[in-house]
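# Structural features, examined
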Amino acid sequence: MKSHARVVVIGGGVVGCSILYHLTKFGWTDVVLVERSELTSGSTWHAAGGMHTINGDPNVAKLQKYTVELYREIEAYSGQDIGLHMTSGLMLAATNERFDWFKSLLAKGKYAGGEARLVSVEEAHAMMPLLDPKEFVGAVFDPHEGHLDPYGTTHAYAKSAKKNGAEIYLHTKVEELIQLPDGMWRVVTDKGEIRAEHVVNAAGLWAREVGRMVGLELPVLAMEHMYLITEDMPEVIEFNQKSGRELMHCVDFDGEIYIRQERNGMLMGTYEKDCRPWSPIETPWTFGHELLAEDIERISGELEVGFRHFPAFNNAGIKTIINGPFTFSPDGNPLVGPVRGMTNFWSACAVMAGFSQGGGVGLALAQWIINGDPGFDVFAMDVCRYGDYATLGYTNAKVRENYSRRFSIRYPNEELPGARPLLTTPIYDKLKAAGAVFGASYGLETPLWFAPEGVEDAFSWRRSTDFEHVGREARAVRASVGMMETSGFAKYLIAGEGARNWLDGMLAGRIPAEGCMALTPMLNEAGKLIGDFTLAALEDGEFLLIGSGIAEDYHMRWFEQHLPEDGSVEVDALNLGLLGLSVAGPKARDVLQKLTHLDLSDKAVPFMSVREIDLGMAPVILGRVSYTGDLGYEIWMKPEYQRYLFDLIMEAGEEFGISLFGLRALNALRVEKSFGSWSREYRPLYGPLEAGLGRFIVHGKSADFIGKQAALEEKTSGGTLKLITLIVDAGDADVIGDEPISLNGEVRGWVTSGGYAHASGVSVAMGYVPKEIAEVVDGWQIEILGEMLPARLLPVPLFDANGSRMRS
């Protein structure tokens, strides 16, 4: 065994072997993989081996496409047969609601060149004669689906890595992980010790236990998963003989089953409602090439539907039942990337769809380790998308929910109930009493809209029961004044003698003088957006930085990686230690002026200023800014003052007809201003100029801020894309994101977000197109639920185009 290595990968499943291969592919050959047993010994060996390229997140879909296209390459390079069967596949819809979802899903892939297409029931039956056409309303045909041999594929990755110089140590159990003062890792195994610069946790079923070796509780849980294999079926043999090909994959979402051919029979698996976690507290190290006890009664309901939808199964004998554990994260996506607070400790676990995503995960993580960046926008898979709230209990509840709903429709306005409520603020009960319909964001219950008594959120792809009431909230803000809770925003306090200079190097924008605020993007080395913030300069040289709540751990990881070693800067994520309320609308100043003897006039507290004052008896930080694009204020207070301030402001606003509003109304208001949002318009895919944030970049400041050279190059070139806003001639549905944007019938871009701008009475879409066509006014179309709808360019914001109202 080597005593030193640049990288040690822990875990010999398909993901670990993929990472090892990709590291060597990019030139890092001093790498090793350690596996407690044999390769594939965890979940990999008993996987059904299916793969596909379609995913609801287009960025994840790209990685899945890369994975599928990689298989022939590693098979040829390694000389290892991987048993590749590219059969194509069908996704089946038994309801019109599901068919609407298919339309939306296919639209997302159009600008990426996806080849999947809608087919009729008759076409689907011709492709897959085992299905009963009376049970379905339509389908999607995907040419890039199939299955493979899990054992052969994993060994192909391993052999390719070894051919490039990697070493693999089997029957070598990691027993301890210790980081030394110089940052190097001691990887202590039962066969000896390896000193490593990087450690990758790709331990699969044991990822949680490996994480605990370094004091980390990863949000991952193994679930029992069953599939059956039939005896030979004459219908299968007859199809093979007549057509000369295999039967294709089928996913029957409404039946919650998937099927494919297995030799002369069929394989059928299910994601059952009556699901079972496996070893929810601790995974035994003695578990290996074993299966769990058969429990076919538990999936009998799903099998009954499957046998009705595919009648030939009624006459087939069952040859084998496979029940084995697979790991899941709370939302079903992998947990990939550097772990916050640790040096060179990497996560690559909860990759449930290992043969659809394993290659892409290996590619992204290898690039991340080598280059400091994954090369893609992988936020949907980033381990830092979860915070400390994702405890063992939370994870167990959410994974069970996710597993049981894996084939269920998730409507754009649907909020799932698992592990809720968890985090709440002191005014939760008051908001609930006022009719608040909550969503969970980063574990926190946050009002989405306020429903009158007797009205509930009805989940739909189209405008729903909230439409009228969200409109009322938005119009109330524009007409007079509204208040919403902003506690879900991320808040960071930056202090220390080096704070200003450090911020000047971290952020691409202006660092404000004391008492002032500034909007500032944050860039990575490639000059792409990794954050957009409001920065407030407080008294005594301290700064309050406000950003997106869902990105708190993501941004803290970045901040901590770049802190000076001399201790001159301290960054503290305040989380729920600082809570917020926002008051906005033309009467906002009048409301707050009643609560203080201080002058709140525009001259005394101008736009983008910040004051530390008292409102009533409560000390607050008052910022003159609002994401609504209207006259407005953000008010930040300690938790013990929030209830008092809520009541105080509501009482003061009564004479002005103050109204509560939620995140859906805020969205309707911000699209009227063409304001972008983090993870939609602002993400590592885009440069600041492309995103319309070029005016906030101080290219000439003396500080060499991160991404400065790339930002200068973008300024010179003008970038490639441009963010535009379109008014859509929508019917009863609005964009939700990732719909294709066409110009004169040709797909040229994609929607990032949008919705109905209630106060202006129009449907709005924001998205990216090539900069060369970004000023074309007419000829645009956006596809919503299969309909090509006319759209026209909005050259200036719908509301307050010159910004006079928010500055008045």
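To be clear, the structure that these remarks concern was listed above.
What comes next concerns the included structure. (Residues numbered from 1 in each chain as written. Predicted model: local features only at pLDDT ≥ 70, side-chain atom pairs only at ≥ 80, totals over all residues. Heavy atoms only, no water.)

So, on to the sheet that holds strand β30 (residues 618-623). Strand order in the open sheet formed by six strands is β29-β30-β31-β28-β22-β32, with mixed pairing between adjacent strands. The open sheet has two edge strands with one neighbour each: β29 (610-615) and β32 (659-660). Bridge count between β29 and β30: six bridges; the pairing is antiparallel. Bridging from a neighbouring strand, V610 pairs with G623 of β30. Strand contacts of helix α16 (residues 642-652): β22 (482-485), β28 (579-584), β29, β30, β31 (632-637) and β32, with the helix running at about 10 degrees to β28, the strand carrying the most contacts. (Pairing = 2+ DSSP bridges. Helix = DSSP H or I, 4+ residues; strand = E, 2+ residues; numbered from the N terminus. Contact = heavy atoms within 4.5 Å. Axes fitted to C-alpha atoms, helices over the stretch in contact; angles between N-to-C directions.)

Below, the discussion takes up the pattern of salt bridges. One pass over the full model with this rule turns up 47 salt bridges. The partner of E193 in a salt bridge is R186, with the nearest N and O atoms 3.0 Å apart. The salt bridge involving K594 is made with E655; its shortest N-O contact spans 2.7 Å. Here K594 is found in the loop between α15 (588-593) and β29, whereas its partner E655 is found in the loop between α16 and β32, with 61 residues between them in sequence. K594 sits in the partly exposed class, given a relative accessible area of 44%. (Salt bridge = Lys/Arg side-chain N within 4 Å of Asp/Glu carboxyl O. Buried < 20%, exposed > 50% of the residue type's maximum accessible area, 1.4 Å probe, protein only.)

The next thing to look at is the sheet that holds strand β27 (residues 570-573). One open sheet holds the five strands; their spatial order is β24-β25-β26-β23-β27, and the pairing between them is antiparallel. The sheet terminates laterally at β24 (517-523) and β27, the two strands that pair on one side only. Taken over all neighbouring pairs, the strand axes of this sheet differ in orientation by 25 degrees on average, direction set aside. Judged from the four bridges that link them, strand β25 (residues 529-537) and strand β26 (residues 543-547) form a sheet pairing that is antiparallel. What sits directly across from A536, in β26, is L544. Lying on the sheet, helix α13 (residues 499-506) is in contact with β23 (490-495), β24, β25, β26 and β27; it crosses β23 at an angle near 130 degrees.

Membership of the largest hydrophobic core comes to 98 residues, with the highest contact counts inside it found for V200, W780 and I782. Here the element with the most residues in this core is helix α9 (residues 354-371); it accounts for eight residues. Among residues more than four places away in sequence, those in contact with I782 are L726, V728, V735, E739, P740, I741, V751, A765, E787, M788, L789 and A791. The next biggest cluster of nonpolar side chains, apart from the first, holds 49 residues, and it includes A490, M506, M556 and A757. (Core = buried A, V, L, I, M, F, W, Y, C linked by side-chain atoms within 4.5 Å.)

Turning our attention to unusual backbone geometry. In this structure, P421 follows R420 across a cis peptide bond, with omega equal to -10 degrees. You will see that S279, though not glycine, has its phi angle at about 45 degrees, which is positive. Position of S279 among the secondary structure elements: in the loop between β16 (277-278) and α8 (300-309). According to the relative accessible area criterion, S279 is buried, its value standing at 18%. With a phi angle near 50 degrees, N744 is a residue other than glycine that sits in the positive phi range. With respect to the helices and strands, the residue N744 is situated in the loop between β34 (740-743) and β35 (746-757). What makes N744 exposed here is its relative accessible area of 65%.

Evaluation of the coordinates by the stated rule reveals zero disulfides. Lacking any disulfide linkage, C349 is separated from the closest cysteine sulfur, that of C384, by 12 Å. Since its relative accessible area comes to 2%, C349 is described here as buried. (Disulfide = S-S within 2.5 Å.)

Two aromatic rings, taken as a pair, are described by how far apart their centres are and by the angle between their planes. Enumeration over the complete set of coordinates arrives at 32 aromatic pairs. With centroids separated by 6.3 Å and ring planes inclined at 65 degrees, the aromatic side chains of W346 and W368 adopt a geometry described as edge-to-face. Here W368 lies in helix α9 and W346 lies in strand β19 (residues 345-349), a separation of 22 residues in the sequence. Accessibility assignment for this pair places W346 and W368 in one class, buried. Aromatic ring contacts, followed pair by pair, group W101, F102, F253, Y258, Y271, F328, Y403 and F407 into a single cluster. (Phe/Tyr/Trp six-rings, centres within 6.5 Å; stacked < 30°, edge-to-face > 60°.)

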